[in-house]
Amino acid sequence: MDKLLKEISNTMLRNGKIDKGKVITITQSYNLSEDFYNYANMFKKTGRKVAEGMVADDRIEKLDTIFFPVVFLYRHSIELILKAIGFKYIVNRESRKSFLKETFHNLSMILAEIEPYLTKFISVDIKGYQWLKQLLDNMTNMDRESDSFRYPFKIIRNKNDKPAYKMKWVFEKQTHIDLIKLINKMETAFEILDTYYLENYTKIDEYRNYNTDFLEEGGDYYAQSVVGFAYNRSKMYLYIIGYRKAAELLMDEAFKSSKNMNLNFLPACYLYKNALELSLKEIVFDIYNQETALEHIYHKKHSILGLWQCIEDRALKLANGSKKDSMYTYNYGLLNEIHIFDGKSDKFRYPIDKYLEYHFKKQKKYNIESFNMLFNQTLTFLNGISGMVVHYNEMQAEYEMEMRSWADDY
């Protein structure tokens, strides 16, 4: 199988083998502060685009699904700009590693680490900084590890002689979130941090219009996201739909306008990748009992191939197939290609890994259409497997019900 995610060479472009209008270029400055700042703006702008597309859509149910990727995009942009500020002042390589390791995704801790470098900017508007700090504290209480809007629950592992695995829902009650206020707060927080990064001493007064509640309830009915409703608390479904639709929105925009291709590419790929990971985890839940499923997911984490191996045997058995079938080898090849390209689920989110090594060590050119096709094909493939497993489970449940009914009659 030809690799879909292969790099595009200049020779291929010159020879007309690739449509230039579908080629994106990933370029780094190799200045960590600048590159994190560029990624921050990329994720913030795409968060805004997805939010605007979500509010403009007449289908109100979209507000309850695309909400999750929108909040992730904004939240991630704030993490990135905080780290961009940190790398502006923390220049020693080992100190930079420690900065990443000690703060991880914790927004409050990152802000506390960089605060000593910002005193002259904070003094311009102390109340603005206090508003920002309180907002980030509230965000951290809700989403300390940057996973509350990527996954519907957290896995709690009790370390006993025989470890037990339980789930804790992120949203344990139905919540009506004011989407407009949320987006405006995220935009304002980013703008304040932007003045710190650019060192321009500008006062941002917009924060005075909002409190520091991260997810404030209320607002117009057609600009509310309703989450945590018990009657529709699928383990993964709403997140899968939301992340895939958000990725499709960004990809569609990229295909319509060349100037949006480079901007939308990495965020869209991450959204697709998370939808793919969630799809695999949903099938794991359909195959195993809850605790066994949680154990598998806990240990496999973000590994696409690891999660696939958890479901592979059952999928083949239900399809009456084998590993030699052309359909299996093709789709396994696609999953493997994604796994190799982004094995640790950080290549689309950050310019570097935790060791400060760049993911793209030189300028890279890729065919954006190939990425879009690959992710959609694998998601469609997994959706088919999910349907097959669910159908089998329903048939099995009906059979067992009939057997119990028959036994009761005698």
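Structural notes, computed from the coordinates. Remember, it's a predicted structure, so these values are computed and weren't measured experimentally.

## A word on the overall build of the protein chain
The secondary structure content of the protein chain amounts to 14 helices and 6 strands. Against the 2.2 N^0.38 benchmark of 22 Å for 410 residues, the protein chain shows a C-alpha radius of gyration of 23 Å, consistent with a compact globule. Its C-alpha atoms put the protein chain at 80 × 60 × 50 Å along the principal axes. Counting the 410 residues in the protein chain, one finds 53% classified as buried. Expressed as a percentage of contacts within the protein chain between residues at least 6 apart in sequence, the contacts between residues at least 24 apart total 79%. A total accessible area of about 19800 Å² is found for the protein chain, and carbon and sulfur atoms account for 49% of it. When the 58 positive and 56 negative side-chain charges of the protein chain are each reduced to one mean point, those points stand 6 Å apart.

## As for the pattern of salt bridges
Applying the stated criterion across every chain, the model contains 23 salt bridges. For the salt bridge of Arg244 with Glu248, the shortest nitrogen-to-oxygen distance reads 3.3 Å. Pair noted here: Arg244 and Glu248 are both in helix H9 (residues 237–256), with a separation of 4 residues, about one helical turn. Salt bridges sharing partners connect three or more residues here, namely Lys44, Arg48, Glu52 and Glu187.

## As for the packing of aromatic side chains
In total, this model carries 31 aromatic pairs according to the counting rule given. When the centroid spacing of 6.1 Å and the interplanar angle of 75° are considered together, the rings of Phe67 and Phe149 count as edge-to-face. You can see Phe67 sitting in helix H3 (residues 67–89) and its partner Phe149 sitting in the loop between helix H7 (126–142) and strand S2 (153–158), a full 82 residues away along the chain. A relative accessible area of 1% places Phe149 in the buried class. These aromatic residues form a ring-pair network of at least three members: Phe265, Tyr272, Phe341, Phe348, Phe360, Tyr366, Phe371 and Phe375. Positioned over the ring face of Tyr298 is Lys301, at 5.0 Å from the centre of the ring. For the cation-ring pair, Lys347 lies above Phe341, with the distance from its terminal atom to the ring centre recorded as 4.1 Å.

## Brief notes about the side chain of Lys347
You can see Lys347 is positioned in the loop between helix H13 (326–341) and strand S6 (364–367). Of the side chains with opposite charge, Asp342 lies nearest to the buried Lys347, which makes no salt bridge, at 7.0 Å. A polar side-chain atom of Lys347 sits 3.3 Å from the main-chain carbonyl oxygen of Phe341.

## Overview of empty space enclosed by the protein
Within the structure shown, the criterion is met by 2 cavities of 30 Å³ or more. Volume-wise, the second largest cavity comes out at about 120 Å³. Along the wall of the second largest cavity there are 14 residues; nearest its centre are Phe121, Asp125, Thr195, Tyr196 and Thr202. Of all the secondary structure elements, the ones that give two or more residues to the lining of the second largest cavity are helix H6 (119–122), H7 and helix H8 (179–198). When residues in the lining of the second largest cavity are grouped by element, the largest group, 3 residues, is from H8. Partitioned by chemical class, the residues of the lining of the second largest cavity number 9 nonpolar, 3 polar and 2 charged.

## As for unusual backbone geometry
Positive phi outside glycine occurs at Ser146, with the angle close to 60°. Mapped onto the elements, Ser146 comes out in the loop between H7 and S2. Despite not being glycine, Tyr201 shows a phi value in the positive range, around 60°. Examined against the element boundaries, Tyr201 turns out to sit in the loop between H8 and strand S5 (224–227). Residue classification places Tyr201 among the partly exposed positions, given a relative accessible area of 43%.

## Here we look at helix H11 (residues 290–300)
Turning to H11, its buried residues are Ala293, Leu294 and Ile297. On an axial view of H11, the arc spanned by its buried residues comes to 100°, and they lie on one face. Close packing links the buried residues of H11 with S2, strand S3 (164–169), helix H10 (261–287) and helix H12 (304–318). Of the residues flanking the end of H11, it is Lys301, one or two places downstream, whose phi is positive at about 55°.

Reading guide: rules and limits
Residues numbered from 1 in each chain as written. Predicted model: local features only at pLDDT ≥ 70, side-chain atom pairs only at ≥ 80, totals over all residues. Heavy atoms only, no water. Helix = DSSP H or I, 4+ residues; strand = E, 2+ residues; numbered from the N terminus. Rg over C-alpha atoms; globule rule 2.2 N^0.38 Å. Buried < 20%, exposed > 50% of the residue type's maximum accessible area, 1.4 Å probe, protein only. Contact = heavy atoms within 4.5 Å. Areas by Shrake-Rupley, 256 points an atom, 1.4 Å probe, with all protein chains shown as cover. Lys, Arg positive; Asp, Glu negative; His and termini not counted. Charge placed at Lys NZ, Arg CZ, Asp CG, Glu CD. Salt bridge = Lys/Arg side-chain N within 4 Å of Asp/Glu carboxyl O. Phe/Tyr/Trp six-rings, centres within 6.5 Å; stacked < 30°, edge-to-face > 60°. Lys NZ or Arg CZ within 6 Å of the ring centre and 35° of its normal. Polar contact = N/O pair within 3.5 Å; in protein donor to acceptor, adjacent residues only side chain to side chain. 1 Å grid on protein atoms, 1.4 Å probe; cavity = no way out; pocket = protein on both sides within 12 Å on 5 of 7 lines; lining within 4 Å. Points joined across faces, edges and corners; volume = space filled by probe spheres on them. Nonpolar A, V, L, I, M, F, W, Y, C, P; charged D, E, K, R; others polar. Arc of directions from axis to C-beta.

Without other data, these values stay purely geometric and don't point to any function.
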